[in-house]
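# Coordinates in review
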Amino acid sequence: MKKSLIALAVMAAAGAASAQSSVTLFGIVDATIAYGRASGPGNDSKTALTNSGYNSSRLGFRGVEDLGGGMSASFWLEGSLGNDDGTTGQRIPTTNRSNVHANDGAGLVFNRRSTVSLSGGWGEVRLGRDYTPSFWNLTVFDPFGTNGVGTTLTLGGPGGGLGAGANTFVPVGTRGVLVRASNDIGYFLPANLGGIYGQINFWHGDDAAPVAGERQSDGTGAGLRLGYGAGPFNVAAAWARTKYDAGDYTTWNIGGSWDFGVAKAMAQYTRDQKDSPVEIDGRGWLIGALVPVGAGEIRASYSTYKIDFGVGGDDPKARQVALGYVHNLSKRTAIYTTVAHVRNDNGARVSLNGAVLGAGNDRNSTGFDLGIRHSF
Amino acid sequence: MKKSLIALAVMAAAGAASAQSSVTLFGIVDATIAYGRASGPGNDSKTALTNSGYNSSRLGFRGVEDLGGGMSASFWLEGSLGNDDGTTGQRIPTTNRSNVHANDGAGLVFNRRSTVSLSGGWGEVRLGRDYTPSFWNLTVFDPFGTNGVGTTLTLGGPGGGLGAGANTFVPVGTRGVLVRASNDIGYFLPANLGGIYGQINFWHGDDAAPVAGERQSDGTGAGLRLGYGAGPFNVAAAWARTKYDAGDYTTWNIGGSWDFGVAKAMAQYTRDQKDSPVEIDGRGWLIGALVPVGAGEIRASYSTYKIDFGVGGDDPKARQVALGYVHNLSKRTAIYTTVAHVRNDNGARVSLNGAVLGAGNDRNSTGFDLGIRHSF
Amino acid sequence: MKKSLIALAVMAAAGAASAQSSVTLFGIVDATIAYGRASGPGNDSKTALTNSGYNSSRLGFRGVEDLGGGMSASFWLEGSLGNDDGTTGQRIPTTNRSNVHANDGAGLVFNRRSTVSLSGGWGEVRLGRDYTPSFWNLTVFDPFGTNGVGTTLTLGGPGGGLGAGANTFVPVGTRGVLVRASNDIGYFLPANLGGIYGQINFWHGDDAAPVAGERQSDGTGAGLRLGYGAGPFNVAAAWARTKYDAGDYTTWNIGGSWDFGVAKAMAQYTRDQKDSPVEIDGRGWLIGALVPVGAGEIRASYSTYKIDFGVGGDDPKARQVALGYVHNLSKRTAIYTTVAHVRNDNGARVSLNGAVLGAGNDRNSTGFDLGIRHSF
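Treat the numbers as computed from the prediction; the structure is a model and nothing was measured. (Residues numbered from 1 in each chain as written. Chains lettered and ligands numbered in written order. Predicted model: local features only at pLDDT ≥ 70, side-chain atom pairs only at ≥ 80, totals over all residues. Heavy atoms only, no water.)

## Brief notes about the overall build of chain A
The condition that has to hold: The secondary structure listing takes helices from DSSP runs of H or I that are at least 4 residues long and strands from runs of E that are at least 2 residues long, numbered from the N terminus. Relative accessibility decides the category of a residue: with a 1.4 Å probe and only protein chains considered, values under 20% of the type maximum give buried, values over 50% give exposed, and everything between is partly exposed. Any two residues having at least one pair of non-hydrogen atoms within 4.5 Å are treated as being in contact. The accessible surface values rely on the Shrake-Rupley method and a 1.4 Å probe; as for residues, cover is taken only from the protein chains in view.
The secondary structure content of chain A amounts to 1 helix and 18 strands. Looking at chain A as a whole, 57% of its 376 residues are labelled buried. Expressed as a percentage of contacts within chain A between residues at least 6 apart in sequence, the contacts between residues at least 24 apart total 56%. Split by element, the accessible area of chain A, about 13400 Å² in all, is 60% carbon and sulfur.

## Quick word on the confidence of the model for chain A
All names here are of chain A. Heads up, the rule is: Each residue gets a pLDDT score, which is the predictor's confidence in that residue and runs from 0 to 100.
With 82% of its residues at a pLDDT of 70 or more, chain A has an overall mean of 83. Within the model, the stretch residues 1-20 combines pLDDT values under 50 with 71 contacts to residues more than four positions away or in other chains. Long-range and interchain partners of residues 158-175, a stretch whose pLDDT sits below 50, account for 71 contacts in this model, where long-range means more than four residues apart. If you check the scores for this complex, the pTM reads 0.90 and the ipTM reads 0.88.

## Digging into the pattern of salt bridges
Inclusion rule: By definition, a salt bridge exists where a carboxyl oxygen of Asp or Glu is found within 4 Å of a side-chain nitrogen of Lys or Arg.
If you walk through the whole model with that rule in mind, you get 24 salt bridges over all chains. With a closest N to O distance of 3.7 Å, B:D275 and B:R241 form a salt bridge. Of the two residues, B:D275 sits in the loop between β13 (264-274) and β14 (280-293) while B:R241 sits in strand β11 (residues 233-243), which places them 34 residues apart along the sequence. Shared partners join several salt bridges into a network, and the residues in it are A:R58, A:E78 and A:R112.

## Description of the packing of aromatic side chains
The condition that has to hold: Ring pairs shown here join Phe, Tyr and Trp side chains whose ring centres sit within 6.5 Å, with only the six-membered ring taken for Trp; geometry is labelled stacked below 30 degrees between planes, edge-to-face above 60, and tilted in between. For a lysine, the NZ atom is tested; for an arginine, the CZ atom; a charge sits over a ring if that atom is within 6 Å of the ring centre and within 35 degrees of the ring normal.
For the structure shown, the criterion picks out 39 aromatic pairs over all chains. When the ring of A:W252 is compared with that of A:Y269, the centres are 5.9 Å apart and the planes differ by 50°; the resulting orientation is tilted. Highlighted residues: A:W252 in strand β12 (residues 249-259) and A:Y269 in strand β13 (residues 264-274), separated in sequence by 17 residues. On the accessibility criterion, A:Y269 (27% relative accessible area) is partly exposed. Ring centres of C:W258 and C:F260 lie 6.2 Å apart, and the angle between their planes is 35°; on these two criteria the pair is classed as tilted. Assessed through its relative accessible area of 56%, C:F260 is described here as exposed. Each member of the aromatic cluster is reached from another via a ring pair, and the members are A:F61, A:F110, B:F61, B:F110, C:F61 and C:F110. The aromatic ring of A:F188 is capped on one face by A:R126, whose charged end is 4.0 Å from the ring centroid. The ring of B:F26 carries the charged tip of B:R62 above its face, separated from the ring centre by 4.6 Å.

## Topic: the nonpolar core
Cut-off, in case you're wondering: In this text, buried Ala, Val, Leu, Ile, Met, Phe, Trp, Tyr and Cys residues form a nonpolar core when linked through side-chain atoms within 4.5 Å.
A:L59, A:F61, B:L59, B:F61, C:L59 and C:F61 are the most contacted members of the largest nonpolar core, which totals 57 residues. Residues in contact with A:L59, not counting those within four places in the same chain, are A:L25, A:F26, A:G27, A:L77, A:E78, A:G79, A:L81, A:L108, A:F110, A:F376, C:F61 and C:F110.

## Some details on the pairing of strand β7 (residues 123-131) of chain A
Residue and element names in this part refer to chain A. Definition in use: Note on pairing: two strands pair once DSSP finds at least 2 bridges between them.
Among the 9 residues in β7, 8 count as buried, and that is most of the element. As paired elements, β7 and strand β8 (residues 180-188) share 7 bridges and run antiparallel to each other. Residue pairing in the sheet places L127 in a bridge with I185 of β8.

## Quick look at helix α1 (residues 133-140) of chain A
All names here are of chain A. Of all 8 residues making up α1, 6 are buried, and the element is well covered by its neighbours. P133, S134, F135, N137, L138 and T139 are the residues of α1 that are buried. Considering only its buried residues, α1 is in contact with β7, β9 (196-203), β10 (220-230), β11 (233-243), β12 and β13.

## Describing the environment of C:F141
Locating C:F141 in the fold gives a position in the loop between α1 (133-140) and β8 (180-188). Taking C-alpha positions, C:F141 is 6.3 Å from C:G256, a pair spaced 115 residues apart along the chain.

## A word on the side chain of C:S117
Note that C:S117 resides in strand β6 (residues 113-120). A relative accessible area of 2% places C:S117 in the buried class. If we ignore the near neighbours within four places in the chain, the residues touching C:S117 are A:I372, C:S72, C:A73, C:S74, C:E124, C:V125 and C:R126.

## Considerations on the pairing of strand β14 (residues 280-293) of chain C
Residues and elements named next belong to chain C. Both strand β13 (residues 264-274) and β14 contribute to a ladder of 11 bridges, which runs antiparallel. Among the inter-strand pairings, Q273 is bridged to a residue of β14, identified as D281. In the sheet, β14 pairs with strand β15 (residues 296-308) via 13 bridges, with the strands oriented antiparallel. Of the residues in β15, the one forming a bridge with I287 is Y302. Joining the antiparallel neighbours β14 and β15 is a turn of 2 residues, in which G294 adopts a positive phi near 60°.

## Details of the environment of B:H327
All names here are of chain B. Let me state the cut-off plainly: Between N or O atoms, a polar contact is any pair within 3.5 Å; within protein, one atom must be a potential hydrogen donor and the other a potential acceptor, and residues adjacent in sequence are included only when both atoms are from side chains.
By secondary structure assignment, the location of H327 is in strand β16 (residues 317-328). For H327 and G247, which are 80 residues apart along the polypeptide, the C-alpha to C-alpha distance reads 45 Å. If we ignore the near neighbours within four places in the chain, the residues touching H327 are A295, G296, T333, A334 and I335. A distance of 2.9 Å separates a polar atom in the side chain of H327 from a polar atom in the side chain of Y325.

Below you can see the structure in the form of structure tokens.
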């Protein structure tokens, strides 16, 4: 059981001449003691060791090859880790119909990203499984980066749950390709456009065995994002549409941040629509801030989401306030804590960290995370 | 999320003294835009982002340890990648009864190769999961290397589909251990025999829960291959037999190549037989060539396969012509395109790249690949 | 298919200043030709290529980061390998209810260990999936290290089979969290306590869908271990209890070794109890030795296990004698052979290497391993 040490260096594969080429093994192991409680008759609290309270646990392999003449080729393979119990990845269907899969410990898959790229002065063409353009504004302009108990409700919105910890608003499966898309072809603008950045993506659904109410092409869609960042200022807008026999899903959102030095303020607005035959109309927003404090950072946000199911009456709505602190022991290792409180109205049923909401409307939930994030 | 760079170097684990020892992380990410169409009433075309159009996508770990005295120990762990959607591997049953498994995104398994070896001047003993001897002639003497739409029909023959993209000739499952065998013990001749090379393999089936028509030992078999390569010339013959309660499967084949400089010509012939109670007799051949053109290579082949099901009448038969071009951007990165056309006779139903053949006999199919292959 | 070589070195991730930081890729590929036979009418022998006859086959990633001030952060991700057929890992349920899973080739999971740690002069806090404290004495004080046909019967005891090759005593599933626990929080004493070492662990069950006779918290437990090692002497005791609706499971054991130079003697005793409603009371012991011989080592043990099912009559009992030899070709590579013979009494049904015991009581079984272990 003699162990070998992998060098952490930037040496060349084929000699010093190709020093810009490299292969990188990387990952994050983030463990969280998560507690959640809720109000109402029959409520139940929950305490568990979970993962990804600050950053998503992951294991990946990536590399870049300099092709000369300003061109490069690269690959990126990155899968989820359930480091609290050793599981890896999530099942990925061969269709884009749904990105919502139980983590059933099926084994390492590169569900977070699996791409090959050609890049040049003209930008980058990227093929494989990747984030959707419209996800970026939700996570980049969330002080909690859509991880842990403080995750913005704008992510947990109409589809609920997806990547949002325990924030379940309405049944999953209606939001389509929310965070990532398989079978994706993307084009990214080059970096030298004076602060303008952007991407456009096309993904195709491939439902191997469509049943009634499905098409073989269910999950086919497209999205784009355009942003501008300069100095302390950053703003971006995005749009995406994914087609389903049961009704197309469209989202657009806008987000921005301003770094005042003493604090970085953030805001975002999202609108999500599902077409007939089952029309759903959701909208949400967030304001938040990151406040540097010595080797650490205070994080705070207020987010809300409201859904119009088109059935009359008041719209279900949830509001959340979250406050956290991250203490960096090094660039790679941090300990953190977050507390969040969510208030449900008009039938919304968001609960935090697996707490069981009591019966009746207008139930509240409080969640607490305490964890360690180690990256490599 | 600080990332670490893995050095690409050949430094020693335990110091400079053991400089010949190394562990290698390697892989291929090959993405393909694949299009297929077919003739006949009810036909349907298909366009998809797939993988492995030029080389099989993979992720692996291997290493060699110098034991001194001309001896070495080594290991090789290599699994499939479905980089278009982030899936990995294919399910491997604990039996050799069938090597044909749907890629259901079950997670990384070392289905391509999983071996440990002892080598010396006397050759190599290799234990684990490995290629069968009879597969090598099909792939080595195919200009398309049994990948992508141009894959030789001699592989897609009586078992169909297996490793052959969408080339389905007859129902899968009748060809047994075609490409690889688990629970395999192999012996390889040493490299210094004046151009003679060869291997012999024994694999045992281990059907944990045999049902009616199966034996616990179903999938037990053996194979051997003997070849001679010198200068521009290379030729090899192979034989394999795998035993099943439902009828043993035997294959033998021969292939060769001659490098004329301006072009490398290739040819192969294969004969596949399944014993009673269900006798099937298939035979096929290929001629092809690789033509170097600057930084690229033109690839061309004509292959055909015919099956006698022993039911009288004309034998189902398919003929395919394939033409492609690979342009090397570097040693590691290439872009490529292939077009292939297949003609079915007497009930053969080969379709390319997932196209749906129309009803009736003698339907044709055309397929087109455009992709990028990046290795590391 | 140009391959890259990973450096085996200890270079710094972020420069020479953090030279103590490293990421390690490691593993073991151990292949075994295993033979088993048994006595009695209807018996059947079995020969198979298997794995892990000397050390458990595995693939892992681990690393340590020096945080300064005597503190460090580290991670460890390690999964099983079924290198005889390329499978990886075992399914891990999201509950601790049972650690007994068929290796169904589901794909790489870090079932062997998946942890993140903070360490300092005060010891180590470790979060994730890890060994139970009570397992250590069974494996550390077994000359065969609970691997291969010679595995101590004290492991294969009341739960049978778990990690014990083919040593099945009674039906699996009654022993609970025997070898490892998910969702575990552990504390380890620091190394500088004059030979005293110890750990305490708490793990929580999380049965997502409990059925009748189960609780959501089934599998919640705790354990501790305390030992003393100095010079040739080493002794340790451990205790663990895991709670189930169907009856709590408690184990305690003690083991020790004395290195006389010409041989290292070992002994262990274990007691396993399951509470009502189904009470089971098992106890077993082992004596053994490791005898260094040149570049190799002779291994020998006698182990026995007896279970009182509380139903009267004589208690089922098995006794095993095992003898083996390991020849080290290098520090990383060894060839080995083991022969073991087991004798069943009063209805015990332990068989070795998959042999099928004949009908009737008091059947014997003999098993033989011949293999190669290569680590990296």
